[in-house]
Amino acid sequence: MEFTEKADREGGKPIEIVVRDLNVNGFISNKELGYSKFIAPCVLYTSINLPSKERNSKHQDNGTLLLAENNTMAPNTSQRKMMVVFMCIPVSPGKSRVIFIPLRNFAIWVNRIIPRWMFHVRQNLVLDSDSYLLHLEERKILDVGTSNWQKACFLPTKSDAKVVAFRRWLNKYSDGHVDWRGKFSAILPPSPPKEQLMDRYWSHVVNCSSCRVAYKGLNALEVVLQLISIASLGIFATRKQSLVSGAARVLVVAMAILCFAASRWLSHFIYKNFHFHDYNHALR
């Protein structure tokens, strides 16, 4: 009788990952529908082949590989593919610069309609939450020693194979840590407040043209909504009550309240998505 693995209530299933060719240059890991390659010391790319779908000629994509950030096209391919190029570059103890590039050769129209900053809002939520976990884990590993990292990390699933392979590579070829060549000591700086550690504005928004423009535009819209709210009440207060019908008074007051409420909601949205979004893993 054939055994079929069942997904959990969130759709999760075991992921079979086989790591091979681990050497000083990195390693390769194979999994269902694709593979990943770690190029030492700080580049990882993952390629996934998706099941093909029948499409009519009217809506068929042109088969080129789309660079999601700027719609750049790569050579033609006949199969639906996704790829993520991920670079994590240490810049000082406890700090890294993260650059990742998502690519695909299907549904490319989405990136021409939806602004990039909307994708970045969701992506930053994942990056922020992972970064906070890594920030804490880095200090735990330092406490137990890099050679005893297994005592600080519990990696029970098959999908953790790449993490284990990276730690093996780091221990074997880099003595378990980044060699700063005397530029920095190995001492980690004190942990800043969570709001500062996960501050999104200075780590991303000021460096991203799409998010920077959206941030300025949304702040301007917030001011406009507040001005409309104040102006509506001002006009209502200066007009003689006898000259204003009951319906008009209700309309003006309702518009002032709605504009003020919208400005407050927008202020919360801006802060949450462009400054700081707290993330509690215990609730996820």
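For the structure itself, look to the data block above.
Values in this document were obtained by computation on a predicted structure and should not be read as measured data.

Caption draft 1: Seen up close, the nonpolar core. Within the largest apolar cluster, 14 residues are counted, with the highest numbers of intra-cluster contacts made by Trp 117, Val 205, Cys 211, Tyr 215, Leu 218, Ile 270 and Phe 274. Elements represented by at least two residues in this core include exactly helix H2 (116-144), helix H6 (209-238) and helix H7 (246-274). Residues contacting Tyr 215, with those up to four places away along its chain left out, are Tyr 201, Val 205, Ile 270, Phe 274 and His 275.

Caption draft 2: Molecular detail of H2. Its 29 residues give H2 an end-to-end C-alpha distance of 41 Å, which sits within 8% of 42 Å, the value for a rise of 1.5 Å per residue. The set of residues buried in H2 consists of Trp 117, His 120, Val 121, Asn 124, Asp 128, Ser 129, His 135, Arg 139 and Ile 141. One or two positions beyond H2, positive phi appears at Gly 145, with a value near 100°.

Caption draft 3: Summary view of the side chain of Arg 200. With respect to the element layout, Arg 200 can be found in helix H5 (residues 200-203). Apart from residues lying up to four places away in sequence, Arg 200 is in contact with Val 121, Asn 124, Leu 125, Asp 128, Val 205, Lys 272, Asn 273, Phe 274, His 275 and His 277.

Caption draft 4: Molecular detail of helix H3 (residues 161-174). Taking 1.5 Å of rise per residue, the 14 residues of H3 would be expected to cover 20 Å, and the 19 Å separating its terminal C-alpha atoms lies within 8% of that figure. Residues of H3 that are buried: Lys 162, Ala 165, Arg 167, Trp 169 and Leu 170. Buried residues along H3 sit against strand E1 (17-23), strand E2 (26-31), strand E3 (34-39), strand E4 (43-49) and H2.

Caption draft 5: Representation of the environment of Pro 90 within the structure. Looking at the element boundaries, Pro 90 is found in strand E7 (residues 81-92). With 49 residues separating them along the chain, Pro 90 and Pro 41 place their C-alpha atoms 9.9 Å apart.

Caption draft 6: Just a nonpolar patch on the surface, in detail. A contiguous nonpolar patch, built from Trp 109, Ile 113, Ile 114 and Met 118 and spanning about 420 Å² of accessible area, is present on the exposed surface. By the secondary structure assignment, Trp 109 is in the loop between strand E8 (95-104) and helix H1 (110-113). Trp 109 gets classed as exposed once you look at its relative accessible area, which sits at 52%.

Caption draft 7: Spotlight on the pairing of E8. Sheet topology note: the E7/E8 ladder contains ten bridges and is antiparallel. Following the sheet pairing, Met 82 is matched in E8 by Arg 104. Between the end of E7 and the start of E8, which pair antiparallel, lie two residues, with Gly 94 showing a positive phi angle near 85°.

Caption draft 8: Layout of the pattern of salt bridges. Under the criterion given, the structure shown has seven salt bridges. One salt bridge in this structure joins Lys 194 and Asp 278, with 2.8 Å as the shortest N-O distance. Residue Lys 194 is found in helix H4 (residues 194-197), and its partner Asp 278 is found in the segment after H7; the two are separated by 84 residues along the sequence. The partly exposed category is assigned to Lys 194, whose relative accessible area is 23%. Overall, Asp 278 belongs to the partly exposed group, its relative accessible area being 42%.

Caption draft 9: Spatial organisation of the environment of Phe 184. Mapping Phe 184 onto the fold places it in the loop between H3 and H4. For the pair Phe 184 and Pro 93, spaced 91 residues apart in sequence, the C-alpha separation works out to 7.2 Å. Ignoring sequence-local partners within four residues, the contact set of Phe 184 consists of Val 91, Ser 92 and Pro 93.

Rules of the game
Residues numbered from 1 in each chain as written. Predicted model: local features only at pLDDT ≥ 70, side-chain atom pairs only at ≥ 80, totals over all residues. Heavy atoms only, no water. Core = buried A, V, L, I, M, F, W, Y, C linked by side-chain atoms within 4.5 Å. Buried < 20%, exposed > 50% of the residue type's maximum accessible area, 1.4 Å probe, protein only. Helix = DSSP H or I, 4+ residues; strand = E, 2+ residues; numbered from the N terminus. Contact = heavy atoms within 4.5 Å. Expected span 1.5 Å × (residues − 1). Patch = residues over 30% accessible without salt bridge, like charges linked within 9 Å, V, L, I, M, F, W, Y side chains within 5 Å. Areas by Shrake-Rupley, 256 points an atom, 1.4 Å probe, with all protein chains shown as cover. Salt bridge = Lys/Arg side-chain N within 4 Å of Asp/Glu carboxyl O. Pairing = 2+ DSSP bridges.

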